[in-house]
Amino acid sequence: MSNASASHKDMANAIRALAMDAVETAKSGHPGMPMGMADVATVLFTKFLKFDAGAPNWPDRDRFVLSAGHGSMLLYSVLYLAGYPGLTMADLKAFRQLGSKTAGHPEHGHIAGIETTTGPLGQGIANAVGMALAERLLNARHGDKAVDHFTYAIAGDGCLMEGVSQEAISLAGHLKLNKLIVLWDDNAISIDGATSLAESDDQLARFAASHWATARVDGHDAEAIAKAIAAAQKSDRPTLIACKTIIGYGAPTKQGKSSTHGEPLGAEEIKGAREKLGWASAPFEVPEAVLSAWRAAGSRGTEIRKAWEKANAGIAATLSEALSEESLRGVSAAISALKTEWGANPPKLASRQSSQKVLEAIVPAAPALIGGSADLTGSNGTRTKHHTSVTPGDFAGNYIHYGVREHGMAAAMNGMALHGGIVPYGATFLVFTDYCRPSIRLSALMGQRVVYVMTHDSIGLGEDGPTHQPVEHLAALRAIPNLNVFRPADAIEVAECWELALQAKATPSILALTRQTLPALRTGPDFGNMSAKGAYVLAEAGLKRDVTLIATGSEVSLALDAKALLQEKGVSAAVVSMPSWELFAQQPEAYRRDVLGAAPRVAVEAAVGMGWERWIGERGIFVGMQSFGASAPAAKLYEHFGITPRTVADAALKLTVG
């Protein structure tokens, strides 16, 4: 059945009605944005978006991102109307309720058709940049017949106010991501009132300055919207379409007001809106003709999808899965060979340098691995001889220069991972995880395999001083659920942690790496990935364990030196290397008990001690940072802050001798 059986007005009003009804039933939510952007969404989904609701994960579908995630009922309504599987009217009625698929903000994985989790404003538009970048990268590898689709995003005023949006649009304009189209809900309303209270930006001039094409349309004129999207599809640049809308469109006394942004309209206002819109159906009822027209729109891409699958059967999995089992085996083989080499010829390297050597080994085995750095390539050690740069209009490369845009980099990597076909890694200094933490958190929330290479991980970076020396960052990152924080102690642990990060299909990883050189701690044969359990006994105590010394990263060698000092005092110490708290916490209790032992425990880490009590207990002693760092050579700083073998040994003696 064609859309001719129902008018555009009726199809758009179906979105408005469902949004009003769901928010009213929940007594919570944001009706204004879905009501204002219903016309734009209807034009996009019925005339332009390449998708098949019956096969929502088709690799060459167009991507749609609702960056203005508070307007989630717009997305839920469209997905239901178009016939996406697993979404029923009962789900719409359960909007914002415990256990419901229809959460307050769209959550990736809850419902087919939700391409990314949005809600923190600005994240969606930056994710869309990553998706559009992924599309171009894969197109350069597989050609137009396999990869040729657009990425669309609906963004609100708040999205464009957030700083991450500037990082994202600047990168997209620079790279000429011409298959990215952003539809701006230009309603001039925020929670506090008119946007003029806080801004007077010329957004079209702003985007044009970042080399975007721009257009302005009446967001309630279906024909004008369609013409603008059609023109954007032919642009050689990304496009912003400013859609001038009325928030809460159709609400008789509240449209155009901030009160429609985040509050239910109320029964009387909804009654009046139904009358004004000419919508006679009862709550949560959609006329058969309107629903049929929407379902026809949802299936209009079926034949295109089937033809694509027939032509691209051999690479469909590659475009979805990114790292195949064959690639992962190749990575493991390369890492095993490297560990064998290092075991025989122990290297003395900063862990960032070890990481670069690991990348030299694994990049050829993992063509889906796309690297990058936020303008710190040489310092991070993230580029190898196997890398070529991605440049404006040329996406054959595999290394992205993100510029000084840490937040935009992290959000774009989320979009790349969500798109499929790519495993991204990006780098900056560990202290600047503060600049990209919201996106790291969303990597974890969405369960995306994104690797964050974070170097200069402690006071060991030296002279740059406390502005660049992370002290609280490891604790803050370890507090994020479903995030693996790796702090390897030597080159072999670096290799193992890279292997674990790439194997973690549903968990992002932080690789916290040093600026300063580290000694080789593990030598000899390769006994498998000892870091896989999160912690292990690196050096046994002997017949009797008097104390357990636990350390991570650069401080593991200090613990070994402390063990030698204690031996001189007749105290037998075991040294535990703990590259990952998270993986260790997942091990059986018996294993954790064997590793940690029953003896008193001392932990040492060049960071604040928050969280260490879990591993050392109430009687344990932590040796680390109690304040911010300082500017001086690394060795002087360790001595100044009391993070030395002697301090660790003295702490152990206090526990064992009294």
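Quick caveat, the model's predicted, so the values are computed rather than measured. (Residues numbered from 1 in each chain as written. Predicted model: local features only at pLDDT ≥ 70, side-chain atom pairs only at ≥ 80, totals over all residues. Heavy atoms only, no water.)

(A) The arrangement of the environment of Met 578 in detail. Following the sequence through the fold, Met 578 ends up in the loop between β18 (573-577) and α23 (581-585). Sequence separation between Met 578 and Phe 486 is 92 residues; the distance between their C-alpha atoms is 8.8 Å. Sequence-distant contacts of Met 578, that is, excluding residues within four places in its chain, are made with Gly 534, Ala 535, Ile 550, Ala 551, Thr 552, Phe 584, Leu 596, Trp 612 and Trp 615. (Helix = DSSP H or I, 4+ residues; strand = E, 2+ residues; numbered from the N terminus. Contact = heavy atoms within 4.5 Å.)

(B) Highlighting the packing of aromatic side chains. Applying the stated criterion to the full structure yields 15 aromatic pairs. Considering the side-chain rings of Tyr 425 and Trp 498, the 5.5 Å spacing of their centres and the 85 degrees angle between planes classify their relative orientation as edge-to-face. In this pair, Tyr 425 sits in strand β11 (residues 423-429) while Trp 498 sits in helix α21 (residues 491-503), placing the two residues 73 residues apart along the sequence. Residues Tyr 425 and Trp 498 agree in their burial class; the two are buried. For the pair Trp 581 and Trp 615, a centre-to-centre distance of 6.2 Å together with 80 degrees between the ring planes defines the contact as edge-to-face. (Phe/Tyr/Trp six-rings, centres within 6.5 Å; stacked < 30°, edge-to-face > 60°. Buried < 20%, exposed > 50% of the residue type's maximum accessible area, 1.4 Å probe, protein only.)

(C) Inspection of the layout of surface pockets at higher detail. Taken as a whole, the largest pocket holds about 560 Å³ of empty space. Forming the boundary of the largest pocket are 30 residues, of which Ser 320, Ala 417, Leu 418, Gly 420 and Gln 448 lie nearest the centre. Elements supplying a minimum of two residues to the lining of the largest pocket: α14 (316-321) and α18 (406-419). Residues of the lining of the largest pocket, tallied by class, amount to 12 nonpolar, 11 polar and seven charged. (1 Å grid on protein atoms, 1.4 Å probe; cavity = no way out; pocket = protein on both sides within 12 Å on 5 of 7 lines; lining within 4 Å. Points joined across faces, edges and corners; volume = space filled by probe spheres on them. Nonpolar A, V, L, I, M, F, W, Y, C, P; charged D, E, K, R; others polar.)

(D) The pairing of β11, seen in detail. Among the seven residues of β11, seven are classified as buried, and the element is accordingly described as predominantly covered. Sheet topology note: the strand β9 (residues 369-373)/β11 ladder contains two bridges and is parallel. Paired with Ile 370 across the strands is Pro 424, a residue of β11. Bridging between β11 and strand β12 (residues 451-455) involves five bridges; their strand directions are parallel. Across the sheet, residue Tyr 425 finds its bridge partner in β12, namely Val 451. Taken together, β11, helix α19 (residues 433-446) and β12 form a β-α-β motif whose crossover is right-handed. (Pairing = 2+ DSSP bridges. Right-handed = clockwise from strand over helix to strand, strands pointing away.)

(E) Quick look at empty space enclosed by the protein. Within the structure shown, the criterion is met by two cavities of 30 Å³ or more. The space that makes up the largest cavity amounts to roughly 90 Å³. Considering only residue class, the lining of the largest cavity consists of seven nonpolar, one polar and four charged. Of the pockets and cavities examined, the second largest cavity occupies roughly 40 Å³. Around the second largest cavity, the lining residues are Phe 64, Val 65, Leu 66, Leu 75, Pro 106, Ile 114, Glu 115, Thr 116 and Thr 118. In the lining of the second largest cavity, the residues fall into six nonpolar, two polar and one charged.

It is worth stressing that arrangement in space is one thing and function is another; only the former is reported here.
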